[in-house]
Amino acid sequence: GWRGWQGYEDSQAEKGAALYDKFTTHLVTQQVDAARADRNALVDDFSGTVYVDFANLRMAMTETGAGNIDAAILRLQDVITDGSDKGLMQLASLRLARLYLGQGKVAEARQALAGVSDVAFEGESLAIEGQIALKEGNHEAARIALEAARERGAADSEMIGYLLQQLESPKS
């Protein structure tokens, strides 16, 4: 009964961990096609687990680095729609907003940002809001959001400082 089920769950967790390890090894050794196959196997066999969430996040980073932005967007959307962990889902939303912003897709970036509500991501969220406002030409909203992002310890303080400096310097 119970012990059998517990043994099955433990066995599944071990298989998921082993496949995820294989996936990361393929990424580290730049065997991207093999990593994609491992990611697909994780999705097929371990959906609803953090193994799939992490694999999708790592695959999105790899695809972004290779310039495959559309593929990266799909992997982030997978985490957002099928994720098993709320924090990872919000992290994926932030990364998705950044990718859209990089493509100049302001409405999509704002929509992705709407999925972020956790206080832990507030600084990053405000930094992206500030960049969106800047792209829209709303300098006051950009300044307010970027200053708030800096106060809340957003990660990219150099970029935020640079953008704030650009907002303060008069255009000649």
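Every value quoted in this text rests on a predicted model; they were computed, and no experiment measured them.

Trainee: What should I look at first to understand the nonpolar core in this one?
Mentor: As a rule of thumb, nonpolar side chains are buried together in soluble globular proteins. Formed by 22 residues in total, the largest nonpolar core has its most connected members in Leu76, Ile128 and Ile132. Broken down by secondary-structure element, the contributors of at least two residues to this core are helix H3 (50–65), helix H4 (69–82), helix H5 (86–102), helix H6 (106–113) and helix H7 (122–135). Top element by residues in this core is H5. It accounts for 8 residues. Excluding residues that lie within four positions of it along the chain, Ile132 makes contacts with Leu101, Val106, Ala109, Arg110 and Leu113. Core analysis: the second largest hydrophobic core is formed by 12 residues, Leu126, Leu146, Ala149 and Leu164 among them.

Trainee: What should I look at first to understand unusual backbone geometry in this one?
Mentor: Leaving glycine out, the prevailing phi sign among residues is negative, and the prevailing peptide bond configuration is trans. Although it is not a glycine, Gln30 sits at a positive phi angle of roughly 60°. One can find Gln30 in the loop between helix H1 (2–28) and helix H2 (32–46).

Trainee: Explain the pattern of salt bridges to me, please; I cannot follow it from the model alone.
Mentor: Oppositely charged side chains can pair when the atoms bearing their charge come close. A complete count under the given rule lists 10 salt bridges for this structure. For Glu136, the salt bridge identified is with Arg110, shortest N-O distance 2.8 Å. With a gap of 26 residues between them, Glu136 in the loop between H7 and helix H8 (139–151) and Arg110 in helix H6 connect regions that are remote in the sequence. For Glu136, a relative accessible area of 44% corresponds to the partly exposed category. As a salt-bridge pair, Glu140 and Arg143 come within 2.4 Å of each other at their nearest N and O atoms. Taken as a pair, Glu140 and Arg143 lie in helix H8 at a separation of 3 residues, close to a single helical turn.

How each quantity is defined
Residues numbered from 1 in each chain as written. Predicted model: local features only at pLDDT ≥ 70, side-chain atom pairs only at ≥ 80, totals over all residues. Heavy atoms only, no water. Core = buried A, V, L, I, M, F, W, Y, C linked by side-chain atoms within 4.5 Å. Buried < 20%, exposed > 50% of the residue type's maximum accessible area, 1.4 Å probe, protein only. Helix = DSSP H or I, 4+ residues; strand = E, 2+ residues; numbered from the N terminus. Contact = heavy atoms within 4.5 Å. Salt bridge = Lys/Arg side-chain N within 4 Å of Asp/Glu carboxyl O.

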